[in-house]
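What follows is the residue order along each chain.
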Amino acid sequence: MTIDSSVLKLSLRVVIIWIVLSILVLLAGEMIVSILLPYFQALMNAFIGSYTSVLNIIDEGNSKMIQTTSTLTQAVYLQGYPVAPEGMELKASTSLAHSYVPIVILYTALLAMPVKNSRERVLLVLLGVPFMLIILGLIVPPLLAGHMASAFLQAAESNAGHMLDVPFVMQWVLFAETGGRWLFPVVAAFLCKLISARMIAG
């Protein structure tokens, strides 16, 4: 059984691009995420009305973390059970490195997929930017919100004395952690390809 040379070339191309992008993102990823912190913060404050959040990047042991410091603007009740009073300050964090994964996957796909000409390649790279913002917005803020929701759930269950239904944001976090952060960029790359092909054809 022999491997088709085109498949071998594409596989090698993907590996090389993945390695190069991984190195670049490790070097510049913190700067990219730092620029996006106000965007993540605005999403959290817009969609979760019970607290206001301030995000920053901190050192935790040997790791960099995205941390939210959130102040409750109203008392929190979960499924009718009191959880936390108004004015309480909460902190939650998620690994900075986790936000790098979708960027590397998305741009590996965009740079490795076959194109008709250099114009299409440039178009794919540019189309990747808004999709990257959407993907990171679907992953980072919910992860931080999910950590706080987990703490709220534990407090509510302690008051209730029995298990309660898991909030949607925690289910979303589970999906993102078990495959969503890989699925979103793959789907986004496919959409970028469809959009670029239509734009060039038009």
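Notes on the structure in this doc start here. All residue numbers here refer to positions counted from 1 along the written sequence of the relevant chain. Predicted model: local features are reported for residues with pLDDT of at least 70 only, side-chain atom pairs are reported and counted for 80 or more only, and whole-chain, interface and lining totals are derived from all residues. Note: side-chain values were computed over all heavy atoms of the structure, leaving out hydrogens and water.

### Regarding helix 2 (residues 100-112)
Point 1. Here helix 2 is 13 residues long and its end C-alpha atoms lie 18 Å apart, about the 18 Å a rise of 1.5 Å per residue gives.
Point 2. Of all 13 residues making up helix 2, 10 are buried, and the element is well covered by its neighbours.
Point 3. Exposure classes here rest on a 1.4 Å probe applied to the protein chains alone. A residue is buried below 20% of its type maximum, exposed above 50%, and partly exposed in between. Helical segments are the DSSP runs of H or I of at least four residues, strand segments are the runs of E of at least two, and each set is numbered from the N terminus. For helix 2, every residue scored as buried is listed here: Tyr 100, Pro 102, Ile 103, Val 104, Ile 105, Leu 106, Tyr 107, Thr 108, Leu 110 and Ala 112. Helices are assigned an expected span. That span is 1.5 Å times one less than the residue count.

### With respect to the pairing of strand 2 (residues 63-72)
Point 1. Of all 10 residues in strand 2, seven are buried, a share of seventy percent or more.
Point 2. The pairing of strand 1 (residues 51-60) with strand 2 spans 10 bridges and is antiparallel. If you follow Ile 57 over to strand 2, its bridge partner there is Ile 66.
Point 3. Two strands are said to pair when DSSP picks up at least two bridges between them. Counting the residues between successive antiparallel strands, the hairpin from strand 1 to strand 2 contains two residues, one of them, Gly 61, with a positive phi of roughly 65°.
Point 4. Pairing of strand 2 with strand 5 (residues 89-95), which is carried by seven bridges, proceeds in the antiparallel orientation. Each bridged residue has a counterpart across the sheet, and for Gln 67 the counterpart in strand 5 is Ser 93.

### Focus on a nonpolar patch on the surface
Point 1. Nonpolar side chains collect at one region of the surface, where Phe 175, Leu 183, Val 187, Phe 190, Leu 191, Leu 194, Ile 195 and Met 199 lie side by side and expose about 680 Å² of accessible area between them.
Point 2. Looking at where Ile 195 falls in the secondary structure, it is placed in helix 4 (residues 168-201). By definition, no residue in a patch forms a salt bridge, and every one has over 30% relative accessible area; like charges are joined within 9 Å, nonpolar side chains (Val, Leu, Ile, Met, Phe, Trp, Tyr) within 5 Å. Calculation of accessible area relied on Shrake-Rupley with a 1.4 Å probe; when residues are assessed, cover is drawn exclusively from the protein chains displayed. The working definition used for a salt bridge is a side-chain nitrogen of Lys or Arg within 4 Å of a carboxyl oxygen of Asp or Glu.

### A few points about the packing of aromatic side chains
Remark: the centre distance and the inter-plane angle together describe each pair of aromatic rings, the angle taken between the planes.
Point 1. Any two of the Phe, Tyr and Trp rings considered here, Trp counted by its six-membered ring, make a pair once their centres fall within 6.5 Å; the pair's planes then place it as stacked at under 30 degrees, edge-to-face at over 60, or tilted in between. For the coordinates displayed, the defined rule picks out six aromatic pairs.
Point 2. With a centroid separation of 6.3 Å and 40° between ring planes, the pair formed by Phe 168 and Trp 172 is classed as tilted. Taken as a pair, Phe 168 and Trp 172 lie in helix 4 at a separation of four residues, close to a single helical turn.
Point 3. Among the residues examined, Phe 168 registers a relative accessible area of 61% and is labelled exposed.
Point 4. Taken together, a centroid distance of 5.6 Å and an interplanar angle of 55° make the contact between Trp 172 and Phe 175 tilted. Separated by three residues within a single helix, Trp 172 and Phe 175 lie in helix 4, roughly one turn from each other.
Point 5. Counting every residue linked through ring pairs, the aromatic cluster contains Phe 168, Trp 172, Phe 175 and Phe 184.

### Looking at the side chain of Thr 108
Point 1. Topologically, Thr 108 is positioned in helix 2.
Point 2. A residue is classified by how much of its surface remains accessible, and Thr 108, at 4% relative accessible area, is buried.
Point 3. Once you skip the residues sitting within four places of it in the chain, Thr 108 turns out to touch Val 14, Ile 17, Trp 18 and Leu 21. Here, residues are in contact when the closest pair of their heavy atoms is within 4.5 Å.

### Side note on the environment of Thr 94
Point 1. Mapped onto the elements of the fold, Thr 94 is located in strand 5.
Point 2. A C-alpha to C-alpha distance of 9.6 Å links Thr 94 and Pro 141, two positions 47 residues apart in sequence.
Point 3. If we skip the residues at most four places from it in the chain, Thr 94 touches Met 65, Ile 66, Leu 143, Leu 144 and His 147.

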